[in-house]
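Results of the structural survey
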Amino acid sequence: MKIAEFRQKLKMMVSEIISDESGAVTDLLLCDAFGVERGELLAMLHLNVPSSIAEKVSSQVNQLAKGIPVQYVLGYCYFYGRKVAVGSGCFIPRQDTEILVKAACGVIGNDEVTFVDICAGSGCITLAIASEKPNAKGYALELSRKALAYTEKNLASLDNVVVKRFDALDEEDYLSLFEQSGKKFDLIVSNPPYIPTEQIPMLDPQVQFEPETALDGGEDGLKFYREIIRNAPIILKDNGTIIFEVGINQAKPVSMMLELNGYSVAVLKDYGKIDRVVLGKKY
């Protein structure tokens, strides 16, 4: 069977599972299987499909049919132009989180800034910041041992980052971090769990394959913001900055929390024009 014919049949199968992006997902699977970019794939359509590749891709489609996210099927995704390893137990990076990275890079500029990424998950935020700003030095902090394996893997090539197991809800871990670092930090970034507990069962089935600990923000979805803001003075300089990603309709309450704690606040919208990032600066 020619690649062109196999690709068309594959697209039809994928469309029954993922109707909106069947073409893109089909090409993702094929490009990964052949180890080529999409342009190269299109130039190969006249060639025959090796049986090994047909079997591999068919197996991946079966995984998609079970509801497993394509990122888990492939074992990676792309964030801020960089390949990020992901898998079961690790939250999948979203494109809108790039807004947080852009805000952090703007705050850092060309200075030798120190930062912490709380609830780092895959480490995608730290990876993007530390790669874009090699003069910056940071800590990627994550509690889940399953996720931490991906944090370490994705950040292994960077010498300006330390990975540490850390509970964002435990004051003792903030004190321990301060003791380990020996100084306070210029910047805190965080994309914490922010889905209200009762809404988790109503999420898209594919999202429910992701770890609940990376989603559950407590009764009102704001539990992590409260604790990070409360404990921030332990690790953040007096003139430091906090940058949060927030869920829909959470920018206002998170902004109020920051303002009540002496921060000047700005809110940034994501690619869908939704308030997505809250920046708090102390002066």
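What comes next is a walk through the structure. (Residues numbered from 1 in each chain as written. Predicted model: local features only at pLDDT ≥ 70, side-chain atom pairs only at ≥ 80, totals over all residues. Heavy atoms only, no water.)

1. Things to note about the packing of aromatic side chains
Our working rule: We call Phe, Tyr and Trp rings a pair once their centres come within 6.5 Å, taking the six-membered ring for Trp, and we label the pair stacked below 30 degrees between planes, edge-to-face above 60, and tilted otherwise. Here the term buried applies to any residue with accessible area under 20% of the maximum for its type, exposed to any over 50%, and partly exposed to those in between, with areas from a 1.4 Å probe on protein chains only. Here a strand is any run of E in DSSP of at least two residues, a helix any run of H or I of at least four, and the numbering for each starts at the N terminus. Geometrically, a charge over a ring is one whose NZ (Lys) or CZ (Arg) sits within 6 Å of the ring centre while staying within 35 degrees of the ring normal.
With the rule as written, the count across this model stands at five aromatic pairs. An angle of 85° between the planes, with centres 6.0 Å apart, marks the rings of Tyr-76 and Tyr-78 as edge-to-face. You can call Tyr-76 buried: its relative accessible area is 15%. For the pair Tyr-139 and Phe-185, a centre-to-centre distance of 5.6 Å together with 85° between the ring planes defines the contact as edge-to-face. Separated by 46 residues along the polypeptide, Tyr-139 in strand S4 (residues 137-142) and Phe-185 in strand S6 (residues 185-190) bring together distant segments of the chain. Overall, Tyr-139 belongs to the buried group, its relative accessible area being 11%. Across the ring face of Tyr-76, the terminal group of Lys-83 is positioned such that the distance to the ring centre comes to 4.1 Å. For the cation-ring pair, Lys-282 lies above Tyr-263, with the distance from its terminal atom to the ring centre recorded as 5.0 Å.

2. Focus: the sheet that holds strand S3 (residues 114-118)
Filter applied, for reference: A pair of strands is considered paired only if DSSP assigns at least 2 bridges between the two. All axes here are fitted lines through C-alpha atoms, helices being fitted over the stretch that makes contact, and every angle between N-to-C directions spans 0 to 180 degrees. Between two residues, a contact is recorded if the distance between any of their heavy atoms is within 4.5 Å.
Pairing within the open sheet is mixed, and its seven strands lie in the order S5-S4-S3-S6-S7-S9-S8. This sheet does not close on itself; its edge strands, each paired only once, are strand S5 (161-165) and strand S8 (264-269). Recorded for the sheet is a direction-independent mean angle of 15° between the axes of neighbouring strands. Two strands pair when backbone bridges link them, and S4 and S5 are joined in this way by five bridges, in the parallel orientation. In the strand pairing of S5, Tyr-139 is matched with Val-162. Together, S3, S6 and strand S7 (236-245) form the strand contacts of helix H10 (residues 223-235), whose direction differs from that of S7 by roughly 155°. On top of the sheet, helix H11 (residues 251-260) reaches S7, S8 and strand S9 (275-281); it is set at about 5° to S9, its chief contact.

3. Overview of H11
Condition: The arc in question is the one traced by the directions running from the helix axis out to the C-beta atoms.
Listed as buried for H11 are Ala-251, Val-254, Ser-255, Met-257 and Leu-258. Looking down the long axis of H11, one finds its buried residues gathered within 160° of arc, a one-sided arrangement. Facing away from the buried side of H11 by more than 90 degrees, the exposed set consists of Lys-252 and Leu-260. Those residues of H11 hidden inside the fold are in contact with H10, S7, S8 and S9. Taken from the residues just after H11, Gly-262 is the one with a positive phi, measuring 90°.

The analysis is restricted to geometry; functional conclusions fall outside its scope.
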